[in-house]
Amino acid sequence: MTRQGWQTGLVLVAATALAAALPLALGTYSLGVALDLMMWIALAESWAMFSGLSGYVSLGHAVFYGVGAYVTVLLWQVLPLWFSVPLGGLTAAALALLLGWPCLRVRGPYFVILTLGISEFIKYAVISTEAALGRNGRLLIGTPSLTVLFEAMLALAVLSMAVLQIVRSARLGAGLLAIREDEVAAEAVGINATAVKLSAFAMSAFIPGMVGGLMILRSTYFEPMQAFSPTTSFTIVTVAILGGSDTVAGPLLGSLFLVLLSELLWTRAPEVYMIILGVLLVAFVLFVPEGLVGRAGRFLRAPKPGPSSRDHRAVVIEP
Amino acid sequence: MTLLRLEDVGKSYGGVAALRGLSFAVGPGEIVGLMGANGAGKTTAFSLIAGTQRPSEGRIWFDGKRIDGKPAYAVARLGIARTFQIVRPFAGLTVIDNLVIAALYGRLRERSRGAAEARAREILAEVGLAADATRPAETLTLAGRKRLEVARAVAAGPRLLLLDEVLAGLTASEVAEALDMIRALHRRRRLTLVVIEHVMRALTQLCQRIIVLHHGAKIAEGSPAEVVVDQRVIDAYLGTRKL
Amino acid sequence: MEEVADVSLILSPQLLAAALVLAAFYALIAIGLNLVYGAMRLLNVAHGELVMLGGYIAYWGFARWGISPLISAVFAVAAGALLGVLLYATIIRRLFRSTRMLARVEANSLLVFFGVSVVIQNVMAVAFTADQRGFSYMDGVLTIGSVRIEENRLLALAIATVACVACALFFRYARSGMAMRAIIQQREAAALVGIDVDRINIQVFALGFGLAALAGTLVSMTAQISPFMGFPFTVSAFVIIILGGLGNLLGSILGALMLAAVEVYGAALISPSFRSILVYGVFIAALLLRPQGLLGRSIAAR
């Protein structure tokens, strides 16, 4: 690692320690906001790990969040939470493997709408199941305290960032980028595209599954319409694209912005909040596809071209 | 001693045969040319060998192993690399990363990025792209992209390299440079080459042996000197074309 | 006993009538989407929002000024067509001129249109609240043989059927109708044989958007509307295009009949909550098994 790498690492450790101490300093409301922030970071970083790197844009990540929540709810007071929440994550990852097998052959906009359709399909399937079981929502009583949930969510957020960073600099990340650029050429240099895509898709579903489990403990009420809401998928994509979907910093920045925006607007004018998100998504896809972080990076590096200026989409190579 | 052997290989699309009963063998270290008009089946033959497509009939052996029907990535890992006639660089990535990816995943499966990058730099120097290493691939000229296509295939660490019209569209001086580059790669990296080319003179200069395809079937095989005087080849191609 | 009940359900003319009405709406929406998708080769996920806008025009006219939805329908078609022309003239035309921009949009078309659709939905929610709304117009019940059907449904069915037949005749016999089909099949070839692609594209957008808005006014006569009603219609229309084939307008009508039958009978035989599962199930299966339905024959053959 370079000196700069060490410095960055140190800053990150310090930031994590500070964040872990937040429950001591913040009131219930502020801690709730901080929890939301960690949630969006964990979701968006996980999404970027697959969709940002591979170019297969999933508009269905809500399904992993929802499935994780459902598993946690079903196992409530059956199994201990330290077991059931990760099990929710594993279930989400297994579901991703199952869905990815047929779906990851479909490319481009068709993959996007397919993921959305599947997420909606599973939502209605869960609704039907719950109706058949005679359940109209499930109430969870005696869930862990906000502080516990926050610390757990913080851990997931940090984990998701670490996973993205490691994947980016590992063989898997190189394979995903190659697939994003040209899948046929990727196969021709020895990349097993199916295996690479499937494993990355499953990995990117794991953390959202656990996030769903934690969030259902926070809301203490499970209702499938809410837990599987496509708005979650939409927000994840917007957050990641806003910040820049193939760096660790991008989804982090996007989440900060989102939480700020939601604090200003969500309770007072939820529709206006959604309108702003929609406008931002369209504007960034069309005009700033590299995201805020990419744009800033390009701006900073612009004056000094040459070997040191690396294209923002490049594979990161550890020296 | 053969490295690659095709036996009665054929491919048809919905009843139309693109390639019929093609058999030939290539020994280690050889440079063999595939010649023929558009639609003669040259690129189809490459796709079948490289696993991009599955043959409808016949068998293909590489280094003693059956490879027909194996997926492209598996064939690449065994040590066959190909270029594409219409180049397919990883356009948004830097030139060097195009090679790093191939080195990480190809036959060599370099363990670390450091090793992959070292290998990539070495190859870039050999093909004359060292100065362009950190440029995005999409900013290269056509000649540059053709070189990158070859360089990326070499980075995968092949024993057999399939070159599909890497000279097409280049100027006369660029062709001469590219030929030197290919010869140098062949020598230094102990490659076996199968080359598709329209530039007839380049093919006769480069290859020890030429296979001529016509309407999906082999009509001649032999040294360049033999092939250009073969009556079937003259009837099919040379009679109407200037050499 | 259960078996007998099921059989009588299938034979029930009541269900058949319900399926026909739904199919007629679907056909209008799907023909519009088929046209616009065929011309742009971009999936317009916001197509259902046009249906919603048409519905609100009828609702607004009736609730505010007591205007008959039949008159509003004319306004809705005009408004939809105008929107289509404006969209084409301001954005789409420019998009087709810049290959760089087109490539970027093509890659992310779904996100762009999804974003647009979220914006439209929420603008309407701000303007009209997110509540379900409806109005009563011709809600007497007619009895024809053994079928009991509301007058407004029958009227909507009649109008939609006439519109579909008119479309079919237009595509078969009118010069610009034939030109539209040619463009959907092969844009470059159409330009080569002397079709003014730009002019026909404007007509495609006007017609496609107008049909969706018309469908919206008809839907609002028979059911409650809300700002978020559009997306399910978009999904249904996609299913229908996949089933019926791109550029195949007769196929769209047949596809609409099939999907409506699956939905109505499925909901009746199993349970109403099963309806969405069925639609999304068909949607997923169609995308996985018949993606060439979205690509048209000329492209799929490549």
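Here goes a summary of the coordinates provided.

Quick notes on the rules
Residues numbered from 1 in each chain as written. Chains lettered and ligands numbered in written order. Predicted model: local features only at pLDDT ≥ 70, side-chain atom pairs only at ≥ 80, totals over all residues. Heavy atoms only, no water. Helix = DSSP H or I, 4+ residues; strand = E, 2+ residues; numbered from the N terminus. Rg over C-alpha atoms; globule rule 2.2 N^0.38 Å. Buried < 20%, exposed > 50% of the residue type's maximum accessible area, 1.4 Å probe, protein only. Contact = heavy atoms within 4.5 Å. Areas by Shrake-Rupley, 256 points an atom, 1.4 Å probe, with all protein chains shown as cover. Lys, Arg positive; Asp, Glu negative; His and termini not counted. Charge placed at Lys NZ, Arg CZ, Asp CG, Glu CD. Salt bridge = Lys/Arg side-chain N within 4 Å of Asp/Glu carboxyl O. Pairing = 2+ DSSP bridges. Axes fitted to C-alpha atoms, helices over the stretch in contact; angles between N-to-C directions. Buried area = accessible area lost by both parts, 1.4 Å probe. Polar contact = N/O pair within 3.5 Å; in protein donor to acceptor, adjacent residues only side chain to side chain. Left-handed = near helix turned anticlockwise from the far one by under 90°. Nonpolar A, V, L, I, M, F, W, Y, C, P; charged D, E, K, R; others polar.

**Some remarks on the overall build of chain B**
Broken down by element type, chain B carries 9 helices and 10 strands. In summary, chain B has a C-alpha radius of gyration of 18 Å against a globular reference of 18 Å for 243 residues, a match within 12%. Over its C-alpha atoms, taken along the principal directions, chain B stretches across nearly 50 × 40 × 35 Å. Counting the 243 residues in chain B, one finds 58% classified as buried. Counting contacts in chain B only where the partners sit at least 6 residues apart, residues at least 24 apart contribute 65% of the total. Accessible area for chain B stands at about 9,900 Å²; split by element, carbon and sulfur atoms hold 50% of it. Here chain B contributes 35 positive and 24 negative side-chain charges, whose respective centroids are spaced 4 Å apart.

**Notes on the pattern of salt bridges**
Residue and element names in this part refer to chain B. Inspection of every chain in the model, using the stated rule, returns 27 salt bridges over all chains. Residue Arg-183 pairs with Asp-180 through a salt bridge whose shortest N-O separation is 3.6 Å. With a gap of 3 residues between them, Arg-183 and Asp-180 both fall in helix α6 (residues 172-188), about one helical turn apart. Judged by its relative accessible area of 29%, Arg-183 is partly exposed. The shortest N-O distance in the salt bridge between Arg-232 and Asp-230 comes to 3.5 Å. For Asp-230, a relative accessible area of 17% puts it in the buried group.

**Digging into the sheet that holds strand β7 (residues 160-164) of chain B**
Residues and elements named next belong to chain B. Here 6 strands make up an open sheet; going across it, the order is β6-β7-β8-β3-β9-β10 and the pairing mixed. With one partner strand each, in any of the chains shown, β6 (80-82) and β10 (217-222) form the two edges of the open sheet. Direction aside, the axes of adjacent strands within the sheet are offset by 20° on average. The sheet contact formed by strand β3 (residues 31-35) and strand β8 (residues 192-196) spans 4 bridges and is parallel. Paired with Gly-33 across the bridge in β8 is Val-195. Contacting β3, β6, β7, β8 and β9 (209-214), helix α1 (residues 42-50) runs over the sheet at an angle of about 150° to β7.

**Re the interface of chain C and chain A**
The interface of chain C with chain A comprises 34 residues on the first partner and 33 residues on the second. Between chain C and chain A, roughly 2,900 Å² of surface is buried when both sides are summed, and carbon and sulfur atoms account for 85% of that area. At the boundary of chain C and chain A, one finds 0 salt bridges. The interface formed by chain C and chain A holds 1 residue pair in polar contact (both at pLDDT 80 or more) in total.

**Regarding the packing of helix α5 (residues 81-103) of chain A against helix α10 (residues 193-219) of chain A**
Residues and elements named next belong to chain A. It is at 7 Å that the axes of α5 and α10 come closest, and there the two elements cross at 145°. Considering only the axes of α5 and α10, their crossing is right-handed. Across the interface between the two elements, Leu-81, Val-85, Pro-86, Gly-88, Gly-89, Leu-90, Ala-92, Ala-93, Ala-96, Leu-97, Gly-100 and Trp-101 from α5 touch Thr-194, Leu-198, Phe-201, Ala-202, Ala-205, Phe-206, Gly-209, Met-210, Leu-214 and Leu-217 from α10. Split into classes, the residues belonging to the contact of α5 with α10 amount to 17 nonpolar, 5 polar and no charged.

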